[in-house]
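Architecture and fold: a report
Residues per chain, in single letters:
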Amino acid sequence: MAVPIVAALLSASLLPAITQAASSKPDLNTLAGKVAALQGTAGLQVRFSSFIEQEAQDGSAPATSTPITPKNVLSSPLDGSSVAAPAVTVNQDTAGAPQNETAIAVDPNNANRVVAAANDYVTRTWSCSINGTPCSALGDGYSGTYASNDGGQTWCCTSSDPSHLGTLIPGVDRLAGGQYDAGGDPALAWDSRGHVYYAGLGFNRTSAANTVTVNRGSFDGSGNLSWGAPTFINPTTSPSIFNDKEWIAADHNVASPFRDRVYVTWTRFVFNANTGAYVQSPIFFAASSDGGATFSAPKSISGNVLYGQGSRPVVGPDGSLYVFWDGSTRLASLNSTYVVKSTDGGASWSKPTAISQLTDSALLRNTVFRNNSFPAAAVAANGDLYATWTTETSGNALSGDTSCASWLGSIAPGCRSYAVYSKSTNGGATWSAPARVFAAAPRTAIGYPVTQPGGDTLGAPAASAVEDIFPAISTAPDGTVYIGAYRGDVVSPWQTCALAPPPPEGRINCTTLGNYIHNTRLDYVVTNLGTTQTVSTHPINTRNGFGGGFFGDYTDLSVGSDGRFHAFWTDSNNKQSVVWFYGLEFAPTLINQEDVVTASGAF
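Calculation notes
- Residues numbered from 1 in each chain as written.
- Predicted model: local features only at pLDDT ≥ 70, side-chain atom pairs only at ≥ 80, totals over all residues.
- Heavy atoms only, no water.
- Axes fitted to C-alpha atoms, helices over the stretch in contact; angles between N-to-C directions.
- Helix = DSSP H or I, 4+ residues; strand = E, 2+ residues; numbered from the N terminus.
- Parallel < 35°, antiparallel > 145°, perpendicular 65-115°, else oblique.
- Left-handed = near helix turned anticlockwise from the far one by under 90°.
- Contact = heavy atoms within 4.5 Å.
- Nonpolar A, V, L, I, M, F, W, Y, C, P; charged D, E, K, R; others polar.
- Phe/Tyr/Trp six-rings, centres within 6.5 Å; stacked < 30°, edge-to-face > 60°.
- Lys NZ or Arg CZ within 6 Å of the ring centre and 35° of its normal.
- Disulfide = S-S within 2.5 Å.
- Buried < 20%, exposed > 50% of the residue type's maximum accessible area, 1.4 Å probe, protein only.
- Pairing = 2+ DSSP bridges.
- Core = buried A, V, L, I, M, F, W, Y, C linked by side-chain atoms within 4.5 Å.
- Salt bridge = Lys/Arg side-chain N within 4 Å of Asp/Glu carboxyl O.
- pLDDT = per-residue confidence, 0-100.
- Polar contact = N/O pair within 3.5 Å; in protein donor to acceptor, adjacent residues only side chain to side chain.

Moving on to the packing of helix 2 (residues 31-39) against helix 3 (residues 50-57). For the pair helix 2 and helix 3, the least separation of the axes is 8 Å and the interaxial angle reads 125°. In terms of axis orientation, helix 2 runs oblique to helix 3. As for the relative orientation of helix 2 and helix 3, their crossing is left-handed in sense. For the pair helix 2 and helix 3, contact is made by Leu31, Ala32, Val35 and Gln39 and by Ile52, Glu53, Glu55 and Ala56, respectively. When grouped by side-chain class, the residues that make up the contact of helix 2 with helix 3 number five nonpolar, one polar and two charged.

Right, here's the structure in full:
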């Protein structure tokens with residue numbers, strides 16, 4: 001069947017592959033080949049996690065013998081030079097290593113004990129060498145964790161070389177004693193007995209091996225966090241399968257019949273081994289009743305919603321387990337936020353319930369970083385359920401807007417991404433209509449006008465609505481609901497690079513500057529659906545770090561037993577000095593880099 005006929009008959013947002021856009025079969029043994037297969041599927045609105053797509057692009061540069069002195073470093077006088085109080089930088093490295101994709105969880109029995117996690121590229125800046133090769137040329141994306149014993153005011157620890165792992169999860173990545181090239185996509189959960197669980201991925205770049213991983217962490221009497229060896233869930237070497245975008249939950253309710261059971265969900269991407277075409281991406285599930293030492297056999301829980309991504313498990317006070325995700329049936333023209341429920345610890349599951357249709361968020365106006373509409377969810381102490389996600393609309397169509405769906409035709413003017421939420425008071429059987437999380441507001445223009453290299457002037461753009469992305473949610477013991485998200489509330493000029501060496505050097509060294517463009521900056525904003533507060537302390541420039549391509553797939557927010565929220569996001573307002581980066585040695589160069597930052601409070 002030709003692609004135009006397929007598009008006419010089956011205008012589905014998450015269609016299985018019928019034709020492959022590329023003329024040659026993708027190499028499914030490689031990470032880049034799998035990403036190409038998925039991206040080459042016509043009409044598809046599902047993708048790998050941004051972390052996996054970034055890792056598929058990145059490779060180690062050859063080691064340099066002479067330090068590079070950059071001619072130009074892309075920057076802006078509007079960027080910050082440090083993250084200001086009361087916000088706190090969580091990662092403790094100072095050598096320009098990026099961190100992104102934030103997860104945070106408060107010990108339910110100790111409101112001062114907080115654990116955070118992020119994709120951590122700290123090995124890319126290590127100054128050590130192994131057999132003459134710089135460590136920074138050997139390190140891929142890694143799994144970073146950070147611990148606080150004072151309610152998030154200060155954080156531990158640092159990592160500097162393979163003998164001093166500090167923040168890094170052990171046993172997954174090769175430089176941390178494991179068998180995989182890289183790991184990341186972090187998620188965290190606590191049980192009722194003071195154990196914290198880290199879930200992530202392990203994978204290779206140029207072979208098919210990949211897995212979901214879980215490590216259990218414990219604190220000693222001095223408040224030091226240590227991690228046990230990983231348990232691998234669904235490890236595979238099949239080129240036709242790739243595990244992505246996992247999340248973890250634990251039942252810390254002492255009265256639950258499933259107390260301390262650990263639950264993990266993820267997306268299993270399936271490809272046709274003969275053609276290399278994407279087939280489907282159902283949501284899978286596994287559970288542990290022995291503290292993460294072993295897990296049940298993986299099972300699909302998404303029913304006929306076979307084209308999905310971004311699952312999120314949460315546990316209710318009675319032990320009921322819910323899993324939310326962004327997905328579609330075969331013939332749907334728009335995605336929906338779905339939920340399934342288990343009342344027997346994951347042994348059996350309900351059929352999927354569509355909470356609401358949505359239109360998956362595209363790039364925010366005047367940005368380039370990859371986005372999604374994956375849901376976040378929480379359960380209140382009385383059992384009420386909340387889910388939040390983003391949707392595109394050109395007006396007030398918060399339950400999906402076909403006029404903003406690029407795969408269905410032309411895009412209406414004024415399509416914007418907004419965070420919405422829905423509530424269920426009957427165990428997920430029915431849900432309220434989606435409502436806006438934040439009040440409508442216009443972007444603020446700063447830094448205009450600027451003079452272009454050619455002599456003409458770039459003035460401020462016309463007024464445009466603030467957009468939202470990557471919402472997070474948690475509930476306090478008294479039932480207060482906190483939702484956090486990025487809001488693109490500032491627009492400013494940004495000078496592009498006209499000519500540079502290939503990445504990774506080109507991320508730091510621009511040989512020829514280009515024109516200015518409009519650049520949306522973000523703030524991290526938290527609301528209790530009444531009071532709203534900006535908790536970031538300076539607008540965040542997403543074009544720092546990975547050149548604007550990768551700022552995460554999500555943010556996170558957790559509330560402790562004291563009712564205080566801990567919001568956690570990626571920020572780029574710290575300037576750090578880079579020497580080693582991806583195997584390249586630079587003359588010490590000051591840059592703005594991606595760090596992970598938290599702020600605490602209560603409304």
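Moving on from the coordinates now.
With that out of the way, let us pick up the packing of aromatic side chains. Centre distance and the angle of the planes are the two values used to describe a pair of aromatic rings. A complete count under the given rule lists 28 aromatic pairs for this structure. Arranged with centres 5.0 Å apart and planes meeting at 75°, the rings of phenylalanine 285 and tryptophan 349 form a pair that is edge-to-face. Taken as a pair, phenylalanine 285 in strand 15 (residues 283-288) and tryptophan 349 in the loop between strand 19 (335-342) and strand 20 (353-358) lie far apart in primary sequence, 64 residues in all. Judged by centre distance (5.4 Å) and plane angle (70°), the rings of phenylalanine 565 and phenylalanine 603 are edge-to-face. In this pair, phenylalanine 565 is assigned in strand 33 (residues 565-581) and phenylalanine 603 in the segment after strand 34 (584-601), connecting sequence segments 38 residues apart. Sitting over the face of the ring of phenylalanine 284, arginine 268 holds its NZ or CZ atom 3.9 Å from the ring centroid. Stacked on the ring of tryptophan 247, the Lys or Arg arginine 312 has its end atom at 3.7 Å from the ring centre.

The next thing to look at is the state of the cysteines. Using the criterion set out here, one finds four disulfides in the structure. Disulfide partner of cysteine 128: cysteine 135, at an S-S distance of 2.1 Å. The S-S bond linking cysteine 128 to cysteine 135 shows a torsion near -120°; that makes this disulfide left-handed. The exposure classification of cysteine 128 matches that of cysteine 135, with both residues buried. Bridging cysteine 156 to cysteine 157, the disulfide has an S-S length of 1.5 Å. Its torsion about the S-S bond being 50°, the disulfide of cysteine 156 and cysteine 157 is classed as right-handed. Assessed through its relative accessible area of 33%, cysteine 156 is described here as partly exposed. Sequential numbering of the bridged cysteines in the protein gives the disulfide pattern 1-2, 3-4, 5-6, 7-8.

Once that is clear, we can look at the environment of alanine 111. Along the polypeptide, alanine 111 turns up in the loop between strand 2 (99-106) and strand 3 (114-120). Overall, the relative accessible area of 15% leaves alanine 111 in the buried class. Along the backbone, alanine 111 and valine 262 are 151 residues apart, and their C-alpha atoms lie at a distance of 21 Å. When residues no more than four places from it in sequence are discounted, the contact partners of alanine 111 are Val106, Gly151, Ser561, Asp562 and His566.

The buried fraction of strand 12 (residues 241-250) is high, at nine of ten residues. Two strands pair when backbone bridges link them, and strand 12 and strand 13 (residues 262-271) are joined in this way by eight bridges, in the antiparallel orientation. Of the residues in strand 13, the one forming a bridge with alanine 249 is tyrosine 263.

Attention now goes to the pairing of strand 6 (residues 142-148). Across the seven residues of strand 6, seven count as buried, placing the element largely inside the fold. What you see with strand 6 is no split at all: Tyr142, Gly144, Tyr146 and Ser148 on one side and Ser143, Thr145 and Ala147 on the other are buried throughout. Two elements, strand 3 and strand 6, share seven bridges in a ladder whose sense is antiparallel. What sits directly across from alanine 118, in strand 6, is glycine 144.

Among soluble globular proteins, nonpolar side chains are generally buried collectively. In this structure, Ile52, Leu188 and Ile248 are the most contacted members of the largest nonpolar core, which totals 62 residues. Looking at this core, the element that brings in the most residues is strand 8 (residues 196-203), giving six residues. Counting residues in hydrophobic clusters, the runner-up holds 23 residues, among them Phe470, Tyr482, Val526 and Val535.

In this section: helix 2. Taken together, the buried positions of helix 2 are occupied by Leu31, Gly33, Lys34, Val35, Ala37 and Leu38. Its buried side turned inward, helix 2 meets helix 3, strand 8, strand 12, strand 13 and strand 14 (278-280).

Checked against the element boundaries, serine 240 lands in the loop between strand 11 (231-236) and strand 12. Overall, the relative accessible area of 15% leaves serine 240 in the buried class. With residues up to four places along the chain from it excluded, the contact list for serine 240 reads Phe269, Val270, Phe271 and Ala273.

Attention now moves to the sheet that holds strand 22 (residues 385-393). Pairing in this open sheet of four strands is antiparallel, and the strands run 21-22-23-24 from one edge to the other. Looking at strand neighbours, the two that pair on one side only are strand 21 (376-379) and strand 24 (435-436), the edges of this open sheet.

This brings us to helix 3. For helix 3, a buried count of seven out of eight residues is recorded, marking the element as mostly surrounded by other parts of the structure. Within helix 3, the full set of buried residues consists of Ser50, Phe51, Ile52, Glu53, Gln54, Glu55 and Ala56. Residues of helix 3 that are buried in the fold lie against helix 2, strand 2, strand 3, strand 7 (182-190), strand 8 and strand 12.

In this section: the pattern of salt bridges. A full pass over the atoms with the stated rule returns 14 salt bridges. Residues lysine 245 and glutamate 101 are paired through a salt bridge, measuring 3.8 Å at the closest nitrogen-oxygen approach. Taken together, the positions of lysine 245 in strand 12 and glutamate 101 in strand 2 put the pair 144 residues apart, joining distant regions of the chain. Take lysine 245 and glutamate 101: they sit in the same class, and that class is buried. Within the structure, one salt-bridge network assembled from shared partners comprises Glu55, Arg124, Asp140 and Arg205.

What follows covers the confidence of the model for the protein. Predicted confidence across the protein gives a mean pLDDT of 93, with 96% of residues reaching 70 or more. Residue range residues 1-22 is modelled with pLDDT below 50. Its contacts to residues more than four positions away, or to other chains, number 63 contacts.

The residue asparagine 109 is located in the loop between strand 2 and strand 3 in this model. It is 24 Å that separates the C-alpha atoms of asparagine 109 and threonine 89, two residues lying 20 residues apart in sequence. From its side chain, asparagine 109 meets the backbone oxygen of serine 192 in a polar contact 2.8 Å long.

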